[in-house]
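Close look at the chain arrangement
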Amino acid sequence: MKHRWARLLAVLPVVTLAVGLTTPPAAAHTSPLPPRKPFDLPRLPPPTTPLLHEPLGAPLLRPSTERARPPWAATNRGWNDFSCAPSSAHPRPVVLVHGTFANRVNNWLGLAPYLVRRGYCVFSLTYGELPVLPFVGGLGPIDASARQLAAYVHRVLAATGARKVDIVGHSQGGMMPRVYLKYYGGRHKVHTLVGIAPDNRGTDLHGLTKLLEAAPAVTRTLHGLTPGLVDQGAGSPLLRHLNAGGDTLPGIHYTVIASRYDEVITPHWSQFLHGRHVHNIEVQDLCPLDFSLHAPVGLFDPVAWHETANALDPAHAIPTTCASALR
């Protein structure tokens, strides 16, 4: 028993700080915590189907709405320019959706300028912030984050005059937009969704999250403090409802870009989607020398960037190799 607890304490910092993904205990289905309150966001049309039939619990820290950004958050690299007019070559703005623990700037210091140079109007938001961790996103409940994304897409469309946007997301940012598409009207406002290392079915973190079942009090505390992390555990109520009835929606084009060396979203093939208009890509199939882990595949990987550009403009796609990705 002591050995088991020592093992749990050894991996707990990795689970909570690096990813923080846990699976709700079985007792949560029979004795759920009180329903949590959503973000204080602009009123949106109610979903046609309830997102969650099982309450996920009330956060002990009330999530924050968008707030004033620090000076370093303003970018001069050409994105988040609401005066940008989409061109005839790229008529749809691109909305970038960051991953857990990231924000609208630091997740996109590479990919955003890459797309701007190719003539796109590029925008990014920070979602899921908590009051005690300003400028750190992806920690609030995912259904509330999807509502934030819905409001932001509405703002981008109003500013640019475009009919639809394309969305590119990393990690949680590749999965959370599917909640927006399915439940909050996004299917009529989005043409293409590109997920880079998305946790479409959550993660088991190589099975380590199961160790937390031995400490239900710790799980409940994490569940209340950082609901967005718990939502990403394999088998969470949110993911079960999201994936029920199929992975895709009609009219949306999906691309998933994954690395077989992903150490966070495991198993890595759980990132892939199944359905019509789906293109699943493993970067090592295109460049065997690509050894990207979870964060680098979204932050620094030119193969992933090149395939993102191909997904956004398939009519002018260029085959990706180790060499072509560096252009």
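Residues numbered from 1 in each chain as written. Predicted model: local features only at pLDDT ≥ 70, side-chain atom pairs only at ≥ 80, totals over all residues. Heavy atoms only, no water.

As enumerated under the stated definition, the model contains four aromatic pairs in all. Relative to Phe-123, the ring of Phe-82 lies with its centre 4.8 Å away and its plane at 50 degrees, an arrangement referred to as tilted. You can see Phe-82 sitting in the loop between helix 1 (2–19) and strand 1 (94–97) and its partner Phe-123 sitting in strand 2 (residues 122–125), a full 41 residues away along the chain. The interplanar angle of 40 degrees and the centroid separation of 5.6 Å between the aromatic rings of Tyr-261 and Phe-291 together place this pair among those described as tilted. (Phe/Tyr/Trp six-rings, centres within 6.5 Å; stacked < 30°, edge-to-face > 60°. Helix = DSSP H or I, 4+ residues; strand = E, 2+ residues; numbered from the N terminus.)

The next point concerns the pairing of strand 5 (residues 253–258). A large share of strand 5 lies buried, amounting to five of its six residues. One ladder, built from five bridges, connects strand 5 with strand 6 (residues 278–282); its direction is parallel. Its bridge partner lying in strand 6, Val-256 is registered against Asn-280. (Buried < 20%, exposed > 50% of the residue type's maximum accessible area, 1.4 Å probe, protein only. Pairing = 2+ DSSP bridges.)

Below, the discussion takes up helix 3 (residues 142–160). With 19 residues, helix 3 should cover 27 Å at 1.5 Å per step; its first-to-last C-alpha distance of 27 Å lies within 8% of that length. Gly-161, located one to two residues past helix 3, shows a positive phi value of around 75 degrees. (Expected span 1.5 Å × (residues − 1).)

The next subject is the nonpolar core. When a protein is soluble and globular, its nonpolar side chains tend to lie buried together. Residues Val-95, Val-97, Leu-149, Val-165, Ile-167, Val-179 and Tyr-180 are the most contacted members of the largest nonpolar core, which totals 36 residues. When residues of this core are traced back to their parent elements, those giving at least two are strand 1, strand 2, helix 3, strand 3 (165–170), helix 4 (172–183), strand 4 (190–196), helix 7 (237–243) and strand 5. If one sorts the elements of this core by residue count, helix 3 sits on top with eight residues. Not counting chain neighbours up to four residues away, the residues in contact with Tyr-180 comprise Ala-146, Leu-149, Ala-150, Val-153, Ile-167, Gly-185, Gly-186, Lys-189 and Val-190. Counting 25 residues, the second largest nonpolar core, distinct from the first, contains Val-168, Ile-257, Ala-304 and Ala-309. (Core = buried A, V, L, I, M, F, W, Y, C linked by side-chain atoms within 4.5 Å. Contact = heavy atoms within 4.5 Å.)

Another point: the sheet that holds strand 4. The six strands are arranged 2-1-3-4-5-6 in an open sheet whose pairing can be described as parallel. Of all the strands in the sheet, the pair left with one neighbour each is strand 2 and strand 6. When the angles between neighbouring strand axes are averaged without regard to direction, this sheet yields 15 degrees. Relative to strand 2, helix 3 is tilted by about 150 degrees, and along the sheet it contacts strand 1, strand 2 and strand 3. Contacting strand 1, strand 3, strand 4, strand 5 and strand 6, helix 10 (residues 302–312) runs over the sheet at an angle of about 165 degrees to strand 4. (Axes fitted to C-alpha atoms, helices over the stretch in contact; angles between N-to-C directions.)

Before going further, it helps to examine the packing of helix 3 against helix 4. Interaxial distance between helix 3 and helix 4 falls to 8 Å at its minimum, and their mutual angle equals 80 degrees. Judged by the inter-axis angle, helix 3 sits roughly perpendicular to helix 4. Contacts between helix 3 and helix 4 pair Ile-142, Asp-143, Ser-145, Ala-146, Leu-149, Ala-150 and Val-153 from the former with Gln-172, Met-175, Met-176, Pro-177, Val-179 and Tyr-180 from the latter. Its residues placed into classes, the contact of helix 3 with helix 4 shows ten nonpolar, two polar and one charged. (Parallel < 35°, antiparallel > 145°, perpendicular 65-115°, else oblique. Nonpolar A, V, L, I, M, F, W, Y, C, P; charged D, E, K, R; others polar.)

The full count for this structure, using the stated rule, is two disulfides. There is a disulfide in this structure between Cys-84 and Cys-121, and the S-S distance comes to 1.9 Å. Residues Cys-84 and Cys-121 are joined through a disulfide that is left-handed, its torsion about the S-S bond being -80 degrees. Taken together, the residues span a long stretch of sequence, with Cys-84 in the loop between helix 1 and strand 1 and Cys-121 in the loop between helix 2 (111–117) and strand 2 at a distance of 37 residues. Classification of Cys-84 by relative accessible area gives partly exposed; the value is 21%. Judged by its relative accessible area of 2%, Cys-121 is buried. Across the disulfide from Cys-287 sits Cys-322; the S-S distance is 2.0 Å. (Disulfide = S-S within 2.5 Å.)

A word on empty space enclosed by the protein. A complete count under the given rule lists one cavity of 30 Å³ or more for this structure. Put simply, the largest cavity is a space of about 30 Å³. What lines the largest cavity is simply Gly-174, Arg-178, Leu-193, Val-194, Gly-195, Asn-200, Thr-255, Val-256 and Leu-273. Secondary-structure elements contributing two or more residues to the lining of the largest cavity are helix 4, strand 4 and strand 5. Counting residues per element, the lining of the largest cavity draws most heavily on strand 4, which supplies three residues. The class makeup of the residues in the lining of the largest cavity is four nonpolar, four polar and one charged. (1 Å grid on protein atoms, 1.4 Å probe; cavity = no way out; pocket = protein on both sides within 12 Å on 5 of 7 lines; lining within 4 Å. Points joined across faces, edges and corners; volume = space filled by probe spheres on them.)

The topology assignment puts Asp-199 in the loop between strand 4 and helix 5 (216–225). Beyond its immediate chain neighbours, meaning those up to four positions away, Asp-199 contacts Ser-171, Gln-172, Met-175, Gln-232, Leu-239 and Ile-265.

Time to look at the confidence of the model for the protein. On average, residues of the protein score 80 in pLDDT, and 70% of them are at 70 or above. Under a pLDDT of 50 for its full length, residues 1–76 has, in the predicted model, 152 contacts with residues more than four places off or in other chains. (pLDDT = per-residue confidence, 0-100.)

The residue Val-94 is located in strand 1 in this model. A residue is classified by how much of its surface remains accessible, and Val-94, at 0% relative accessible area, is buried. Remark: the alpha-carbon pair of Val-94 and Val-116, spanning 22 residues in sequence, is separated by 9.6 Å. Ignoring any residue separated from it by four or fewer positions in sequence, one finds Val-94 in contact with Leu-115, Tyr-120, Cys-121, Val-122, Phe-123, Asp-166, Val-168 and Leu-312.

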